[in-house]
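Residue-level structure breakdown
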Amino acid sequence: MDPAFNRAAFERLGSNAVVHRQKALNAAALLSKLPFDEVAPGLIGDDGDVQARFLEALVSTKTGGLRVVSLYLPNGNPPGTDKYTYKLKWMDRLIAFSHERLKLEEPMLLAGDYNVIPTVADARNPAAWTKDALFLPATREKFRALTNLGLTDAIRAVSDARDLYTFWDYQAGAWAKDDGIRIDHLLLSPQAADKLVDAGIDRHVRSWDKPSDHVPVYVDLDIEGR
């Protein structure tokens, strides 16, 4: 049990909850109204990696299993350091994991803060990010390698707009200027993409009192065969 995670509060709301947390640092969590059939913390490929950035779970629906992964990719800044090397190696491990899971041919959702700006359309001011680990060519190349496995970017599947941001820095009035970037992504396996109904970004949350610098991103999947 993790005393810092108020599991009971979510259970009172009818949700099952699991968390993988590294004290005062990183965490990944999943909530589900359905029971978890399987839960696995930690990304394959490096038994010595203790950072809590990955949590995988499987639930059963009326139409079969649904695999959901909550992830929090390394930021990687500053480039040219071990932090950036770790980011790229972590992405390689995520690519290897996804390649294996896609062989199962089941609905799967990879959701979280990827710390990747995929294209120039995903930043209000791309030039400001050219030397940042989130937008370096190697970072974007790894993200393309991931999606090229056959994963669908849910947000881009429903819209090609240029102002679909999920993060606005607390500095320099970024929110007031709408100087945002899109770094939180929902990637779907082909079987999950077949069930895609809608996806979107709740950007209005950024205007709340004492908000996070990230906003929720959602996807609606027809997992019950409407």
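Now for a quick tour of the structure.

What counts, and at which threshold
Residues numbered from 1 in each chain as written. Predicted model: local features only at pLDDT ≥ 70, side-chain atom pairs only at ≥ 80, totals over all residues. Heavy atoms only, no water. Core = buried A, V, L, I, M, F, W, Y, C linked by side-chain atoms within 4.5 Å. Buried < 20%, exposed > 50% of the residue type's maximum accessible area, 1.4 Å probe, protein only. Helix = DSSP H or I, 4+ residues; strand = E, 2+ residues; numbered from the N terminus. Contact = heavy atoms within 4.5 Å. Expected span 1.5 Å × (residues − 1). Pairing = 2+ DSSP bridges. Axes fitted to C-alpha atoms, helices over the stretch in contact; angles between N-to-C directions. Lys, Arg positive; Asp, Glu negative; His and termini not counted. Salt bridge = Lys/Arg side-chain N within 4 Å of Asp/Glu carboxyl O. Polar contact = N/O pair within 3.5 Å; in protein donor to acceptor, adjacent residues only side chain to side chain.

Let us look at the nonpolar core. Grouped together as the largest cluster of nonpolar side chains are 25 residues, with contacts concentrated most on Leu 30, Leu 109 and Leu 188. Of all the secondary-structure elements, those providing two or more residues to this core are β2 (27–32), β4 (54–61), β5 (64–72), β6 (108–113), α4 (154–158), β8 (184–188) and β9 (196–201). A per-element tally of this core places β4 first, with three residues. Contact partners of Leu 109, with chain neighbours within four places excluded, come to Arg 67, Val 68, Val 69, Leu 186, Leu 187, Leu 188 and Val 219. Core analysis: the second largest hydrophobic core is formed by 20 residues, Leu 43, Ile 95, Val 116 and Phe 143 among them.

The next subject is helix α2 (residues 82–102). Here α2 contains 21 residues, and its C-alpha end-to-end distance of 30 Å stays within 8% of the 30 Å for a straight helix at 1.5 Å per residue. Turning to α2, its buried residues are Tyr 84, Tyr 86, Lys 87, Leu 88, Trp 90, Met 91, Arg 93, Leu 94, Ile 95, Phe 97, Ser 98 and Leu 102. On its buried face, α2 is in contact with β4, β5, β6, α3 (137–147) and α6 (190–193).

With that settled, consider the sheet that holds β6. A sheet is described by the order of its strands in space; here six strands give the open sequence β3-β4-β5-β6-β8-β7, paired in mixed fashion. Of all strands in the sheet, those with a lone pairing partner are β3 (36–41) and β7 (152–153), marking the two edges. Bridge count between β6 and β8: five bridges; the pairing is antiparallel. Within the sheet, the bridge partner assigned to Gly 112 lies in β8 and is His 185. Docked against the sheet, α2 engages β4, β5 and β6, running at close to 20° with respect to β4.

Relative to the helices and strands, Asp 132 resides in the loop between β6 and α3. Buried charge without a partner: Asp 132 forms no salt bridge, and the closest opposite charge is Lys 87, 7.0 Å away. Filtering out sequence-adjacent residues up to four positions away, Asp 132 remains in contact with Asn 77 and Pro 79.

Mapped onto the elements of the fold, Thr 61 is located in strand β4. By relative accessible area, Thr 61 is classed as buried at 14%. A sequence separation of 135 residues divides Thr 61 from Leu 196, and the C-alpha atoms of the two residues are 15 Å apart. If sequence neighbours within four positions are ignored, Thr 61 has contacts with Leu 34, Leu 66, Ile 223 and Glu 224. In terms of polar contacts, Thr 61 uses its side chain to reach the backbone carbonyl oxygen of Gly 64, at 2.7 Å.

Here we come to the pattern of salt bridges. Going through the model one piece at a time under the given rule, you end up with 11 salt bridges. Between Arg 67 and Glu 56 there is a salt bridge, with its nearest N and O atoms 2.8 Å apart. Placement of the pair is Arg 67 in strand β5 and Glu 56 in strand β4, with a sequence separation of 11 residues. The class of Arg 67 is buried, set by a relative accessible area of 7%. Of the charged contacts, one joins Lys 142 and Asp 92 as a salt bridge, the two residues approaching to 2.7 Å between their closest N and O atoms. Pair noted here: Lys 142 is in helix α3 and Asp 92 is in helix α2, with a separation of 50 residues, a long-range link. The exposure class assigned to Asp 92 is partly exposed, which follows from its relative accessible area of 36%. The network of salt bridges with shared partners includes Glu 56, Arg 67, Arg 101 and Glu 106.

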